[in-house]
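# What the coordinates show
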Amino acid sequence: MAVPVAFFALFFAYPVTAIVGRGLKAEGDWQFGRIGEVLSRPDILDVLWFTTWQALASTALTLLIALPGAYVFARFDFPGKQVLRAVVTVPFVLPTVVVGTAFLALLGRGGLLDELWGVRLDTTVWAILLAHVFFNYAVVVRTVGGLWSQLDPRQEEAARVLGAGRFAAFRRVTLPALVPAVAAAALMVFLFTFTSFGVVQILGGPAYSTLEVEIYRQTAQLLDLPTAAVLTLVQFAAVGGILAVHAATVRRRERALKLVDPAQTSRRPRGVGQWALLGGVLLTALLLILLPLGVLVERSLDGPGGYGFGYYEALQSVGAGGSSTFLVPPLEAVGNSLRYALVATLIALVVGGLAAAALTRRAGRLVRGFDALLMLPLGVSAVTVGFGFLISLDKPPLDLRTSWILVPLAQALVGVPFVVRTMLPVLRAVDDRLREAAAVLGASPLRAWREVDLPLVRRAVLVAAGFAFAVSLGEFGATVFIARPDNPTLPVAVARLLGRSGELNYGQAMALSTILMLVCAVSLLLLERIRTDRSGEF
């Protein structure tokens, strides 16, 4: 536990405490009265209200659209199922900047809807809600569908034999078993939409701000640190409550259900109704997922002189068309992001792997508290973390403001929870008797780990690395503060291009977003191959 605790203390707790302390302290004294002052302001109350109700609306809309997809993936067997599963999961690993850019190309000025019917939805709440559904569709399909596929269908069939109708059997037998999974998925969707930043920043315009967007505005634009500190504490408290409820829901799900092999529950659709449901899910995937991504690619190729790679070629030069957005060619952001993400993945694997190994010991409250510590980066504004890096890591021996390692460190903070959640179930499944046998034969703990645990969890390590790489590649909230102008990351470069007027900047943003989307999609497809490869066993 020593290395993970030290890592989080230095690169998470210290920067966040520094920024909150600077905002709430005046002449060395804590000014807690500022909390009431900030929370009583009408503009802040409007932000809190919008943050809450758009998260609730996004969650409800996501459940409504995604639950039929969860059923199809759980119960139906059809050609291309694995490919479609990978396709619907692509949005979840995409950076929020790419998601916002894709919907801007579909719904914004000069977008597909604007060209066909003269309709614009950017700077409206509908664009935000649809983008959130696009982003979180896979959360419901994976969480609910994964459990649904393991529920024994014979229980519902028995209820029907005893006289219950199809709906009554579902309501009395299947639905109660699914409620914990649905609740867990809903809480995760609510968490992601409650802390939404990139999507709202790009699609919401000046009229809409979530807590995360308002923290960024108060910090970067208005330099109002007291207000930003209060909003950070509010978001931290709210997300902490969400994570606590989610943890309780997961524990309930694990205790209450007896599951079967998913291969026993999947079959080909039968009847007009089931084929219609499958067709509806395929149409939803086409319109909700493939269409925005396809429009993004099309806009990146649609240059002033017709279709071609003009915008991609412009990425190779500085100030093309009179633009001074970058100090280096925008295409260098691709190499920067890949290098940063690789280093961040290595850091996340070391820290997360050690943390997961410590959590397998089940040492009571201490370990449970350590587990909660690992999830804290999901509950604190990434904007706060990024700005905290700038104001706290500025003195020896941690004067890192001019160091390239600052960006991977911030990205690794987000990657560690994914590594832990991927590796922990597999490590806990390793039989302790294997380790004990190795110890009896004279192996040291390190050699026992190398010879026993590592071969068994090798595939989980690869999956964890893939998730950490994808998450690091798309991190935006913290890196927008700490990425140097001469070393921008892909998400930061896209945001800078979208923040400037001009057709060339817009086209280059679409081209960079397409490149980032392809890199994330390839990472996901490799993950799917590792996860579904049956050539070896854990």
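Residues numbered from 1 in each chain as written. Predicted model: local features only at pLDDT ≥ 70, side-chain atom pairs only at ≥ 80, totals over all residues. Heavy atoms only, no water.

### Some thoughts on the overall build of the protein chain
A count of helical and extended segments in the protein chain gives 23 helices and four strands. Within the protein chain, the fraction of its 538 residues that count as buried is 51%. In the protein chain, of all internal contacts separated by at least 6 residues, the share reaching a separation of at least 24 is 78%. By element, 63% of the accessible surface of the protein chain is carried by carbon and sulfur atoms, the whole surface being about 24,500 Å². (Helix = DSSP H or I, 4+ residues; strand = E, 2+ residues; numbered from the N terminus. Buried < 20%, exposed > 50% of the residue type's maximum accessible area, 1.4 Å probe, protein only. Contact = heavy atoms within 4.5 Å. Areas by Shrake-Rupley, 256 points an atom, 1.4 Å probe, with all protein chains shown as cover.)

### A closer look at the nonpolar core
Formed by 157 residues in total, the largest nonpolar core has its most connected members in Phe-7, Leu-94, Leu-203, Leu-374 and Phe-389. Looking at this core element by element, the count peaks at 15 residues for helix 7 (residues 125-148). (Core = buried A, V, L, I, M, F, W, Y, C linked by side-chain atoms within 4.5 Å.)

### Comments concerning the packing of aromatic side chains
Applying the stated rule across the entire model yields 15 aromatic pairs. Aromatic rings pair up to connect Phe-197, Tyr-216, Phe-387, Phe-476 and Phe-481 into one cluster. (Phe/Tyr/Trp six-rings, centres within 6.5 Å; stacked < 30°, edge-to-face > 60°.)

### Remarks on the pattern of salt bridges
Pairs can form between side chains of opposite charge once their charged atoms are near each other. Taken as a whole, this structure holds five salt bridges when the rule is applied. A salt bridge links Arg-41 to Asp-43; its shortest N-O distance comes to 3.0 Å. The class for Asp-43 is partly exposed, based on a relative accessible area of 34%. Where Glu-115 meets Arg-299, a salt bridge forms, and the shortest distance between an N and an O atom there is 3.4 Å. A residue pair is termed long-range when its members are at least 10 positions apart, and Glu-115 in helix 6 (residues 112-117) and Arg-299 in helix 13 (residues 271-301) qualify at 184 residues. A relative accessible area of 7% places Arg-299 in the buried class. Overlapping salt bridges bring together Glu-115, Glu-298 and Arg-299 as one network. (Salt bridge = Lys/Arg side-chain N within 4 Å of Asp/Glu carboxyl O.)

### Re a nonpolar patch on the surface
There is a patch of nonpolar side chains on the surface, built from Leu-283, Leu-286, Leu-287, Leu-290 and Leu-291 and spanning about 420 Å² of accessible area. Within the secondary structure, Leu-287 sits in helix 13. (Patch = residues over 30% accessible without salt bridge, like charges linked within 9 Å, V, L, I, M, F, W, Y side chains within 5 Å.)

### Some words on a positive patch on the surface
Positive charge collects at one region of the surface, where Arg-160, Arg-166, Arg-267 and Arg-270 lie side by side. On the secondary structure map, Arg-166 appears in helix 9 (residues 166-194). Assessed through its relative accessible area of 56%, Arg-166 is described here as exposed. (Lys, Arg positive; Asp, Glu negative; His and termini not counted. Charge placed at Lys NZ, Arg CZ, Asp CG, Glu CD.)

### Describing the packing of helix 3 (residues 42-75) against helix 9
Following both chains from N to C, one finds helix 3 and helix 9 inclined at 135°, their axes separated by 8 Å at the closest point. Viewed along their axes, helix 3 and helix 9 adopt a mutual orientation that is oblique. The two elements helix 3 and helix 9 cross, and the hand of that crossing is right-handed. Between helix 3 and helix 9, the residues in contact are Thr-51, Thr-52, Gln-54, Ala-55, Leu-56, Ser-58, Thr-59, Thr-62, Leu-63 and Leu-67 and Val-182, Ala-186, Val-189, Phe-190, Thr-193 and Phe-194, respectively. Residues belonging to the contact of helix 3 with helix 9 are distributed by class as follows: nine nonpolar, seven polar and no charged. (Axes fitted to C-alpha atoms, helices over the stretch in contact; angles between N-to-C directions. Parallel < 35°, antiparallel > 145°, perpendicular 65-115°, else oblique. Left-handed = near helix turned anticlockwise from the far one by under 90°. Nonpolar A, V, L, I, M, F, W, Y, C, P; charged D, E, K, R; others polar.)

### Topic: unusual backbone geometry
Phi at Leu-223 is positive, roughly 55°, even though this residue is not glycine. Secondary-structure assignment places Leu-223 in the loop between helix 11 (211-221) and helix 12 (225-256).

### So, the environment of Leu-233
Among the secondary structure elements, Leu-233 is positioned in helix 12. For the pair formed by Leu-233 and Ser-381, sequence separation is 148 residues and the distance between their alpha carbons is 9.2 Å. With near-sequence residues (within four places) excluded, Leu-233 lies in contact with Val-20, Leu-24 and Ile-35.

### Here we look at the side chain of Thr-62
When you line up the elements, Thr-62 lands in helix 3. At 2.6 Å, the side chain of Thr-62 forms a polar contact with the backbone oxygen of Ser-58. Those residues within four positions of Thr-62 in sequence are excluded, and the remaining contacts are Leu-67, His-132, Val-133, Asn-136, Tyr-137, Val-140 and Val-189. (Polar contact = N/O pair within 3.5 Å; in protein donor to acceptor, adjacent residues only side chain to side chain.)

### Details of the confidence of the model for the protein chain
Taken residue by residue, the protein chain gives an average pLDDT of 82. The fraction at 70 or more is 90%. No element of the protein chain has a lower mean pLDDT than helix 16 (residues 365-375), which averages 70, and none a higher one than helix 3, which averages 93. A low-confidence stretch, residues 534-538 (pLDDT under 50), is modelled with six contacts involving residues beyond four sequence positions or located in other chains. (pLDDT = per-residue confidence, 0-100.)

### Examining the packing of helix 5 (residues 96-107) against helix 7
Interaxial distance between helix 5 and helix 7 falls to 10 Å at its minimum, and their mutual angle equals 130°. Taken together, the axes of helix 5 and helix 7 are oblique relative to one another. Taken as a pair, helix 5 and helix 7 cross one another with a handedness that is right-handed. Of helix 7, the residues touching helix 5 (which contributes Thr-96, Val-99, Phe-103 and Leu-107) are Ala-127, Leu-130, Ala-131, Phe-134 and Phe-135.

### A few points about the environment of Ala-244
Tracing the backbone through its elements, the reader meets Ala-244 in helix 12. The spatial distance from the C-alpha of Ala-244 to the C-alpha of Ala-372 is 9.0 Å, given a sequence separation of 128 residues.

### A few points about helix 1 (residues 2-24)
With 23 residues, helix 1 extends 30 Å between its outermost C-alpha atoms, agreeing within 8% with the 33 Å of an ideal straight helix rising 1.5 Å per residue. Ala-9 marks the point of greatest bend in helix 1, at about 40°. Those residues of helix 1 that fall on the buried side of the exposure criterion are Pro-4, Phe-7, Phe-8, Phe-11, Phe-12, Pro-15, Val-16, Ile-19, Val-20, Gly-21, Gly-23 and Leu-24. (Expected span 1.5 Å × (residues − 1). Bend = angle between axes of the 7 residues up to and from the residue.)

### Quick word on the environment of Ala-238
Locating Ala-238 in the fold gives a position in helix 12. Ala-238 gets classed as partly exposed once you look at its relative accessible area, which sits at 27%. Separated by 142 residues in sequence, Ala-238 and Val-380 have C-alpha atoms that sit 9.8 Å apart.

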